[in-house]
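# Summary of structural features
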Amino acid sequence: MTTRSPSQTLLVVFAALAGIAVTAFRGEARDGTVPTAAPGLPAVPMDIPAARADGIIYLSGPDGRERPTTLNPLMQAELTRFLADGRAPVAAIVMTDVRTGSVLAMAQGQDPKAWGAKTHTALHKSFPAASIFKTVVTAAALEIADFDPTASLNLSGGCARVRESGEWLTDRDSGKASEMSLRRAFGKSCNGYYAKIALSHLGLGPILTFARRFGWESGIGADFQVEKSPMLLPTATTSSAHTVGSFAAGFGLVGLSAVHGAWMMQAIANEGLAKPLRLFRDTPIPGEGAGDRVVTVDTARKLLQLMDSSVRGGTASFAFRRGKYKKLQHLVGGKTGTLTGMNPKGITTWFTGLAPLDRPEVAVSAVVVLEDHWRVKGPLLAAEGLYQYFENRPELASVLK
């Protein structure tokens with residue numbers, strides 16, 4: 001490959017910014033203050049009660065009538081205990097049955113009132129999405145740019161930072177060491193790679209289109225109240241190559257709730273169809289083929305094929321290569337994210353994923369905020385959730401032996 005000249009670079013940046021017009025971008029801040037749910041849907045309480053004597057967890061609707069939930073009392077209790085043993089960080093985990101949309105667990109660590117939240121932690125919309133947003137860019141690259149996940153792309157400047165100097169945008173003949181595939185970039189969460197494909201192959205417009213498909217601004221389906229995750233869009237007049245590249249790499253002002261993260265993974269598991277989340281047993285289960293299409297079947301399948309790269313040698317491998325979780329590493333795939341957040345303050349760590357990858361049954365979305373000290377990160381919390389799922393499914397428990 002040859003080095004891109006300054007004039008060529010300017011053309012690429014112009015094309016990327018011009019893509020904004022494709023999505024009728026207006027540069028407005030979407031703060032997500034309007035709940036996604038239609039009026040009358042029940043709100044999840046800040047503290048979910050324990051199961052009753054009949055083994056069912058009940059929640060009240062707007063009319064005060066108690067309704068049985070789909071929550072698994074054992075998983076709920078075990079995950080709450082796991083977080084308590086980890087010194088109760090600001091944390092949440094959501095697990096769903098991908099075939100029915102049923103919420104199996106919605107557990108949290110520290111009492112949300114203690115850190116100023118106004119909802120159950122799993123519904124807090126202002127955790128930074130961080131590199132979970134790379135899932136959106138990956139989907140766009142596969143579907144719009146027809147990316148080959150195994151083909152190499154020349155990369156300059158490394159993975160850690162998206163520098164304002166813009167070396168990540170150039171092509172250099174520097175040997176194999178500078179080449180990287182989409183598969184490896186996804187697993188290693190390579191910031192420079194995602195910044196480059198945003199500018200060189202996609203443009204901001206398609207990325208925003210796919211972000212909306214994945215629930216930002218449009219919201220997600222559920223039988224309970226879920227507020228839209230916020231996304232502050234880059235403006236057409238002030239954006240630069242660095243701005244667009246950073247946004248694509250997960251450094252934009254993009255929020256995410258754990259519930260939203262689980263919905264995203266569930267849509268990928270269902271070959272691109274987004275089924276509503278179902279917290280109440282009396283909510284009808286969606287029929288076969290029901291749901292809004294987020295990505296094509298082919299794109300969903302390619303995303304699944306990429307996801308094990310995070311667990312096997314990627315950014316989540318530390319959580320799945322030791323102890324009781326080691327036997328899960330060939331079953332699980334997903335995406336990690338790490339970024340300092342302000343609401344709440346601290347380093348926010350994520351894992352959103354699926355298992356088993358060959359025929360997904362369960363989606364998991366785990367977020368943990370690290371303060372002065374940490375014992376649990378997002379991937380480790382997700383690993384515990386998946387372990388509890390397999391242990392409580394007699395027909396699947398053999399994989400843990």
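The residue numbers shown here count from 1 along each chain, following its written sequence. It should be noted that, the model being predicted, local features are given only for residues of pLDDT at least 70 and side-chain atom pairs only at 80 or more, the latter also being counted only at that level, while totals for whole chains, interfaces and linings use all residues. Side-chain measures here rest on the full set of heavy atoms in the structure, leaving out hydrogens and waters.

### Examining the pattern of salt bridges
Worth spelling out the cut-off: Salt bridges are counted wherever a side-chain nitrogen of Lys or Arg sits within 4 Å of a carboxyl oxygen of Asp or Glu. Counting from the N terminus, the helices are DSSP H or I runs at least four residues long and the strands are E runs at least two residues long.
Inspection of every chain in the model, using the stated rule, returns 15 salt bridges. Between K113 and D111 there is a salt bridge, with the nearest N and O atoms lying 3.4 Å from each other. Between K125 and E227 there is a salt bridge; the shortest N-O distance is 3.4 Å. With K125 in the loop between β5 (103-108) and β6 (127-128) and E227 in the loop between α6 (204-213) and β9 (231-232), the pair connects residues that are 102 residues apart, well separated along the chain.

### A closer look at α6
Applicable threshold: Burial classes: relative accessible area under 20% of the type maximum marks a residue as buried, over 50% as exposed, and values in between as partly exposed (1.4 Å probe, protein chains only).
Within α6, eight of the 10 residues are buried, which leaves it mostly tucked inside the rest of the structure. When we look at burial in α6, the residues that qualify are L204, G205, P206, I207, L208, F210, A211 and R212. Taken from the residues just after α6, G215 is the one with a positive phi, measuring 105°.

### Details of the pairing of strand β14 (residues 345-355)
Here is the key point about a regular strand: its side chains alternate between the two faces of the sheet. This is how it is decided: Here a strand pair is declared whenever DSSP counts at least two bridges between the two strands.
Of all the 11 residues making up β14, nine are buried; the element is thus mostly covered by neighbouring parts of the structure. Note: strand β13 (residues 333-342) against β14, 10 bridges, orientation antiparallel. Note on β14: the bridge partner recorded for L339 is T348. The turn linking β13 back onto β14 is made up of two residues. Pairing analysis gives nine bridges linking β14 to strand β15 (residues 362-370), with the strands arranged antiparallel.

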